[in-house]
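Inside the fold
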Amino acid sequence: MDVFALFSIYIPVALGLCALAGALTGRLSARHFYALLTTAMLIRSIANIAQGKALYAATDAALTAYYAWRWWKNGGGDDTKRRLRSVAKGFTPTRRTAPTTA
């Protein structure tokens, strides 16, 4: 079996079917559904880049970005947002006057 066929066809299709089955049965939330689709499209785009298929790679990269955005908007990045907020608390702004001499 060709390694590129494995990564560009079989694994992404299996992930996509698992995501679809989980979403239709109600066992997966929207966040997990989009996370699986993002992973599948990322694997496909990397395999297409390795094979030199530029059009397919660009299409899969666009779908990867779209599914990652949908994952983020459905609460997928909540833990990341929470960690960034806790880091941002350490930085307190200070007001400084601009120098008058030029």
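For clarity, every value in this text was computed on a predicted model and none was experimentally measured.

Conventions used here
- Residues numbered from 1 in each chain as written.
- Predicted model: local features only at pLDDT ≥ 70, side-chain atom pairs only at ≥ 80, totals over all residues.
- Heavy atoms only, no water.
- Helix = DSSP H or I, 4+ residues; strand = E, 2+ residues; numbered from the N terminus.
- Rg over C-alpha atoms; globule rule 2.2 N^0.38 Å.
- Contact = heavy atoms within 4.5 Å.
- Areas by Shrake-Rupley, 256 points an atom, 1.4 Å probe, with all protein chains shown as cover.
- Phe/Tyr/Trp six-rings, centres within 6.5 Å; stacked < 30°, edge-to-face > 60°.
- Buried < 20%, exposed > 50% of the residue type's maximum accessible area, 1.4 Å probe, protein only.
- Salt bridge = Lys/Arg side-chain N within 4 Å of Asp/Glu carboxyl O.
- pLDDT = per-residue confidence, 0-100.
- Axes fitted to C-alpha atoms, helices over the stretch in contact; angles between N-to-C directions.
- Parallel < 35°, antiparallel > 145°, perpendicular 65-115°, else oblique.
- Nonpolar A, V, L, I, M, F, W, Y, C, P; charged D, E, K, R; others polar.

Of regular secondary structure, the protein possesses four helices and zero strands. From first element to last, N terminus to C terminus, the protein shows the α and β order α-α-α-α. Relative to its length of 102 residues, the protein is extended, with a C-alpha radius of gyration of 21 Å against a globular reference of 13 Å. Structurally, the protein occupies a C-alpha span of about 70 × 40 × 20 Å along its principal axes. The contacts of the protein with a sequence gap of at least 6 include a subset with a gap of at least 24, amounting to 53%. Carbon and sulfur atoms provide 65% of the accessible area of the protein, an area that totals close to 7,800 Å².

Per the counting criterion, the structure on display carries five aromatic pairs. Seen from their ring centres, Y66 and Y67 are 5.6 Å apart, and the 55° between their planes marks the pair as tilted. The partly exposed category is assigned to Y66, whose relative accessible area is 38%. On the basis of an interplanar angle of 35° and a centroid distance of 6.3 Å, the ring pair of Y66 and W69 is categorised as tilted.

Per the counting criterion, the structure on display carries one salt bridge. For D60, the salt bridge is made with R44, and the minimal N-O distance between the two is 3.4 Å. Of the two residues, D60 is situated in helix α3 (residues 54-76) and R44 in helix α2 (residues 30-51); the sequence distance between them amounts to 16 residues. Judged by its relative accessible area of 28%, R44 falls in the partly exposed class.

So, on to the confidence of the model for the protein. Residues with a pLDDT of 70 or more make up 98% of the protein, whose mean pLDDT is 87. Element-level pLDDT for the protein is lowest in helix α4 (residues 78-88), with a mean of 80, against a maximum mean of 93 in α3.

Here the focus is the packing of helix α1 (residues 3-25) against α2. At their nearest, the axes of α1 and α2 sit 9 Å apart, and the two run at 170° to each other. As judged from the angle between their axes, α1 and α2 are roughly antiparallel. Residues F4, A5, F7, S8, I11, P12, L15, G16, A19, L20 and A23 of α1 lie in contact with α2, whose contacting residues are F33, L36, L37, T39, A40, I43, R44, A47, N48, A50 and Q51. Its residues assigned to classes, the contact of α1 with α2 shows 16 nonpolar, five polar and one charged.

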